[in-house]
Amino acid sequence: MNIAVLVSGRGSNLQAIIDSIESGYLKARISVVISDIENAYALGRAKKHRIEAVFVDPEKYSSKDLYEKQVLAVLKKHNAELILLAGYMKILGKTLLSAYKNRILNIHPALLPAFPGLHAQKQAFEYGVKVAGCTVHFVDETLDCGAIILQRCVEVKEDDTDETLADRILEQEHKIYPEAVKLFVENRLRIEGRKVKILQS
Ligand code: GAR
């Protein structure tokens, strides 16, 4: 299966996907990495692994629709069958959502539906939760509210800061994202309303 990864920054989740492919855990290939930020560190990670890395400049397009049509052209050119959002900070519009319905996944650093949006780890820390975590979900037109595929908990420690907590959540993100992608690639996910059923292998 050809995967496209959309990024905006550091790309550690992209790296986790690359590593799980290179180790043989995930039987797929990344055909393209697309960034909306020109100097995103993630683009360098892609190039280092000889993966096509493309910057699509949002400033060049007068609307989200025109921007996404350009992204779509890049996706089609690389025969992408699944899109992974990995720290991609743009909210998706209709153009991409309808072209890839139920074929877009996202990783979010909170136990959704708690703490959607930006700085989720800090939101959770400041709220005073005792258990935080991360979620992989299908992307739909709602913000961070698509059907949930996998979640993992992280306990909040007495001496945590929002940063130490975010670091431990990130470790779990790097585990559950490849796991969820593997389930998708093996065609073991069934969306039933809000629920995602996982078929045994
Ligand atoms: C990750 O923590 C990811 O969960 C989060 O951005 C970070 C990207 O890190 N995504 C969101 O907050 C999306 N709402 P990375 O670039 O190192 O993968």
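Structure shown above.
Residues numbered from 1 in each chain as written. Predicted model: local features only at pLDDT ≥ 70, side-chain atom pairs only at ≥ 80, totals over all residues. Heavy atoms only, no water.

K.L.:
Any chance you could explain the nonpolar core here in plain terms?
P.N.:
Looking at soluble globular proteins, one finds that nonpolar side chains tend to be buried together. Ranked by size, the top nonpolar core spans 46 residues in total, and within it Leu 105 and Val 181 carry the most contacts. Here the element with the most residues in this core is helix H6 (residues 162-185); it accounts for nine residues. Once residues lying within four places of it in the same chain are set aside, the contact partners of Leu 105 are Leu 82, Ile 83, Leu 84, Leu 85, Val 136, His 137, Phe 138, Val 139, Ile 149, Tyr 177, Val 181 and Phe 184. (Core = buried A, V, L, I, M, F, W, Y, C linked by side-chain atoms within 4.5 Å. Buried < 20%, exposed > 50% of the residue type's maximum accessible area, 1.4 Å probe, protein only. Helix = DSSP H or I, 4+ residues; strand = E, 2+ residues; numbered from the N terminus. Contact = heavy atoms within 4.5 Å.)

K.L.:
Whenever I open this one, the packing of helix H1 (residues 12-22) against H6 confuses me. Can you help?
P.N.:
Each pair of packed helices can be described by the angle between their axes along with the distance between the axes. Between H1 and H6, whose axes approach to 9 Å, the crossing angle comes to 50°. Judged by the inter-axis angle, H1 sits oblique to H6. The chirality of how H1 crosses H6 is right-handed. Residues Ser 12, Asn 13, Ala 16, Ile 17 and Ser 20 of H1 form the contact with H6, whose own contacting residues are Leu 170, Glu 173, His 174, Tyr 177, Pro 178 and Val 181. (Axes fitted to C-alpha atoms, helices over the stretch in contact; angles between N-to-C directions. Parallel < 35°, antiparallel > 145°, perpendicular 65-115°, else oblique. Left-handed = near helix turned anticlockwise from the far one by under 90°.)

Honestly, that's just the spatial picture; any functional story needs more than this.
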